Amino acid sequence: MADTTWKAATGPAAAELACPIAPVVDIVFSRWTTPILWTLNEHGRQRFVELQRRITTITPKVLTQRLRQLERDGLIVRTYHPEVPPRVEYEISDLGRSLAPLFAHLADWAGTHLDQVERARHAYDNPEPR
């Protein structure tokens, strides 16, 4: 049986075939998805304004777009409460919560290795004279 793990792929789905985690990276690690999921996982159910307060650099437009996409992907649940005034809450879904071990592993990696990354960047940006 031949090992096809590292063979090059061609065609329209080449990136996905070449790297099977590419679709996951696109879904989970976009600019704002990770902070939204992290916040919902850490703080539980949140209203839009609460999310915006916790993720201070996100614009309302982008937060709305990302929440819609995360709901579409099944990673969060949106609950509409027909009150006056209407209330909408967001919470991480079981599918989204299943990413917690991955985030925990990445947080551990960051704690262990980011200083090495910073040293490598510094060495690259400031090469020693020859």
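Above: the structure in question.
In this text the structure is predicted, and so the values were computed from the model without any measurement.

## Observations concerning the pattern of salt bridges
Argument step 1. Overall, the coordinates contain 7 salt bridges when judged by the stated rule.
Argument step 2. A salt bridge links arginine 87 to glutamate 83; its shortest N-O distance comes to 2.8 Å.
Argument step 3. You can call glutamate 83 partly exposed: its relative accessible area is 36%.
Argument step 4. Among the salt bridges present, the one from aspartate 115 reaches arginine 119, with a minimum N-O distance of 3.3 Å. Of this pair, aspartate 115 and arginine 119 both sit in helix H7 (residues 100-125), 4 residues apart, which is roughly one turn of that helix.
Argument step 5. On the basis of relative accessibility, which here comes to 41%, the residue aspartate 115 falls in the partly exposed class.
Argument step 6. Here the residues in one salt-bridge network are Arg45, Glu83, Arg87, Glu89 and Glu91, joined through shared partners.

## Section: the packing of aromatic side chains
Working definition: an aromatic ring pair is given by the centre-to-centre distance plus the angle between the planes.
Argument step 1. If you walk through the whole model with that rule in mind, you get 2 aromatic pairs.
Argument step 2. A centroid spacing of 6.1 Å and a plane angle of 70° characterise the contact between phenylalanine 29 and phenylalanine 103, whose relative ring orientation is edge-to-face. One end of the pair, phenylalanine 29, is in the loop between helix H2 (22-28) and helix H3 (33-43); the other, phenylalanine 103, is in helix H7, with 74 residues separating them in the sequence.
Argument step 3. For phenylalanine 29, a relative accessible area of 33% corresponds to the partly exposed category.
Argument step 4. Ring centres of tryptophan 38 and phenylalanine 103 lie 6.3 Å apart, and the angle between their planes is 40°; this geometry places the pair in the tilted category. With a gap of 65 residues between them, tryptophan 38 in helix H3 and phenylalanine 103 in helix H7 connect regions that are remote in the sequence.
Argument step 5. Relative accessible area serves as the criterion here: at 39%, tryptophan 38 is assigned to the partly exposed category.
Argument step 6. With relative accessibility at 8%, the residue phenylalanine 103 sits in the buried group.
Argument step 7. What links up through ring pairs into an aromatic cluster is the set Phe29, Trp38 and Phe103.
Argument step 8. Sitting over the ring of tryptophan 32, arginine 31 keeps its end group 4.0 Å from the ring centre.

Cut-offs used in this document
- Residues numbered from 1 in each chain as written.
- Predicted model: local features only at pLDDT ≥ 70, side-chain atom pairs only at ≥ 80, totals over all residues.
- Heavy atoms only, no water.
- Salt bridge = Lys/Arg side-chain N within 4 Å of Asp/Glu carboxyl O.
- Buried < 20%, exposed > 50% of the residue type's maximum accessible area, 1.4 Å probe, protein only.
- Helix = DSSP H or I, 4+ residues; strand = E, 2+ residues; numbered from the N terminus.
- Phe/Tyr/Trp six-rings, centres within 6.5 Å; stacked < 30°, edge-to-face > 60°.
- Lys NZ or Arg CZ within 6 Å of the ring centre and 35° of its normal.

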